[in-house]
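# Overview (structure and organization)
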Amino acid sequence: EQDAVWLANLGCDGAQGFYYGKPVPSADFVNQTLANFDVNEIKEKGERASLLLIEDDPQYAILLAEALDDLYEVQLAKTCEEARLALEKRTPKILLSDVKLPDGSGIELLSSWVERNPGEEASIIFFSGQENTQDRLDAYAAGAIDFLRKPFSVAELIAKLSRVENFHQKHKEISGDMQQIQSAVMQSMKEAAHYGDVVQFFKSLISCQDERSIANQLFSFMHAKSLKCSIQ
């Protein structure tokens, strides 16, 4: 508890350790996670995140699509080529792909897509029916946030995707805050430059010896500011 208070005072907003939860079987962990996750909360937002599911097994694809349809705007692709065409039209928030597809590798497909589109923000999750360490390493190197082994629990997948959804929401909020900060900084810099010009203008008046010199200084200053003026 003392460590938790110390971390909280430093600004840490999330942690996990023996103090919060003791080790439990994976199934119990998934159930506990889902118990704290309100599915209706995403539904009430009215806007479902887009998800591209790349899976060649029709039964598995339909099962996942039906399970995720209430929460996400699901689009299906059975091959690498179908996935490429879908990605050319639209970038989904979440990419859920099988490793082995009829016409190629899902990892190679999305790795290549990430390289060609470095500015796109999409969370990638791979799944496979085989336990292959190299596939896992290649998946993470391609930018995946997770790698699931078939058959996996749909409840576990939904719990993971909910975390992805929270990440996207926080990222969106932070991006909005950063844009406001940058706008304020630019405005401050413009005002600072303007005030500096005004101060310089008044300093230049000190060296003026007659009315014509004062007029020249004023007209020059106003012209630089794209303003017009007259002197009487």
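Residues numbered from 1 in each chain as written. Predicted model: local features only at pLDDT ≥ 70, side-chain atom pairs only at ≥ 80, totals over all residues. Heavy atoms only, no water.

### A word on the nonpolar core
Leu52, Ile54, Leu95, Leu110 and Phe126 are the most contacted members of the largest nonpolar core, which has 20 residues in total. Among the elements of the structure, strand E1 (49-54), helix H5 (80-89), helix H6 (106-116), strand E6 (123-128) and strand E7 (144-149) are those that each provide at least two residues to this core. With residues near it in sequence (within four places) discarded, Leu95 still touches Leu52, Leu87, Leu110, Trp113, Ala122, Ser123, Ile124 and Ile125. Listed in part, the 18 residues of the second largest apolar core include Ala49, Leu51, Ile125 and Phe152. (Core = buried A, V, L, I, M, F, W, Y, C linked by side-chain atoms within 4.5 Å. Buried < 20%, exposed > 50% of the residue type's maximum accessible area, 1.4 Å probe, protein only. Helix = DSSP H or I, 4+ residues; strand = E, 2+ residues; numbered from the N terminus. Contact = heavy atoms within 4.5 Å.)

### Thoughts on the packing of H5 against H6
It is the contact of H5 with H6, at a shortest axis distance of 10 Å, that shows an interaxial angle of 25°. Looking at the two axes, H5 sits roughly parallel to H6. In terms of crossing hand, the pair formed by H5 and H6 is right-handed. Contact residues: H5 offers Cys80, Ala83, Arg84 and Leu87, while H6 offers Leu109, Leu110 and Trp113. Residues that form the contact of H5 with H6 fall into these classes: 6 nonpolar, no polar and 1 charged. (Axes fitted to C-alpha atoms, helices over the stretch in contact; angles between N-to-C directions. Parallel < 35°, antiparallel > 145°, perpendicular 65-115°, else oblique. Left-handed = near helix turned anticlockwise from the far one by under 90°. Nonpolar A, V, L, I, M, F, W, Y, C, P; charged D, E, K, R; others polar.)

### Re the environment of Asp103
Tracing the backbone through its elements, the reader meets Asp103 in the loop between strand E4 (100-101) and strand E5 (104-105). Under the relative-accessibility criterion, Asp103 is labelled partly exposed at 40%. With 47 residues separating them along the chain, Asp103 and Asp56 place their C-alpha atoms 10.0 Å apart. Excluding residues within four positions of it along the chain, Asp103 makes contact with Thr79, Cys80 and Glu81. Here Cys80 takes part through its backbone nitrogen, which lies 2.8 Å from a polar atom of the side chain of Asp103. (Polar contact = N/O pair within 3.5 Å; in protein donor to acceptor, adjacent residues only side chain to side chain.)

### Considering the packing of aromatic side chains
Applying the stated criterion to the full structure yields 2 aromatic pairs. Seen in terms of ring centroids, Phe201 and Phe221 are 4.8 Å apart; in terms of plane orientation they differ by 25°. Their pairing is stacked. With a gap of 20 residues between them, Phe201 in helix H8 (residues 154-206) and Phe221 in helix H9 (residues 211-224) connect regions that are remote in the sequence. With respect to burial, Phe201 and Phe221 carry one shared label: buried. Each residue in the set Phe201, Phe202 and Phe221 is aromatic and connected to the rest through ring pairs, giving one cluster. (Phe/Tyr/Trp six-rings, centres within 6.5 Å; stacked < 30°, edge-to-face > 60°.)

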